[in-house]
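Given next are the chains, with one letter for each unit.
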Amino acid sequence: MRLLWICLFALVFVAPAQAQIDPSLMQAVKALQGGGHVIVFRHGATHADQADTDPLNIGNVAQQRQLNDQGREVARAIGAAMHSLKLPVREVHTSAFQRAKETGQLLGFGDVKSSLDFTEGGLVVTPIENSRRAQALRKFAATMPPAGFNVILVTHKPNILDAFGKDWFDVREGEASIFRPDGAGGFKLVTRLRADEWSKLAETASSPN
């Protein structure tokens, strides 16, 4: 009887650790390993007591909201997990704000390309410019990556909301939305991944069956 209770304990408290990963996420990883996807990240965790006080002067990094230590640590962990999962990445594009550029750099896929097209505009740019940036993001998500590769973009919540709609109202810092371009100017959402799920996926993929 005692042995039975020990076995039940193991099933209840140990098995769920493996069951935390939805099988569909592992299917998404297998698809990513073949390339052909656009991975759109919201930048990593930032200091809640900081603000962009000089937003029209992108070069004034000191007056921008910055990644905090957790944001940097998690960005490195995501990159390490992506490398462990052997995901082929050809390019990393980012917003021009430092928190997005640093997130992209810490993923560890080489140099990043920053652009105002993916930079948060908010109230300091015109509605026309915000709409243009949203359209640029949708176009990026619909652009087929080089054969056999994925591309990464690191941007901001307002840009993601404007581009993809109200379903992203809850997008978290460090969260990824994975899109597959359809080759005809459109794209399909494959899945969304929280920042902490990448490491779990890597652990599940490396564990013996």
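Preceding block: the structure.
Residues numbered from 1 in each chain as written. Predicted model: local features only at pLDDT ≥ 70, side-chain atom pairs only at ≥ 80, totals over all residues. Heavy atoms only, no water.

We now examine the sheet that holds strand β3 (residues 113–115). Strand order in the open sheet made by the 6 strands is β3-β2-β4-β1-β5-β6, with mixed pairing throughout. In this open sheet, the two strands that pair with only one neighbour each are β3 and β6 (187–193). Looking at each pair of strands side by side, their axes are set apart by 25° on average, direction ignored. Sheet topology places strand β5 (residues 176–181) next to β6; 6 bridges connect them, and they run antiparallel. Bridge assignment links Phe179 to a residue of β6, and that residue is Leu189. Strands in contact with helix α6 (residues 127–141) are β1 (38–42), β2 (89–95), β4 (150–155), β5 and β6; relative to β4, the strand with the most contacts, it is inclined by about 160°. (Pairing = 2+ DSSP bridges. Helix = DSSP H or I, 4+ residues; strand = E, 2+ residues; numbered from the N terminus. Axes fitted to C-alpha atoms, helices over the stretch in contact; angles between N-to-C directions. Contact = heavy atoms within 4.5 Å.)

Here helix α4 (residues 69–84) crosses helix α8 (residues 197–206) at 30°, and the two axes come no closer than 8 Å. In terms of orientation, α4 and α8 fall into the roughly parallel class. In the packing of α4 onto α8, the handedness of the crossing is left-handed. Contacts between α4 and α8 involve Ala77, Ile78, Ala81, Met82 and Ser84 from the first element and Trp198, Ser199 and Ala202 from the second. (Parallel < 35°, antiparallel > 145°, perpendicular 65-115°, else oblique. Left-handed = near helix turned anticlockwise from the far one by under 90°.)

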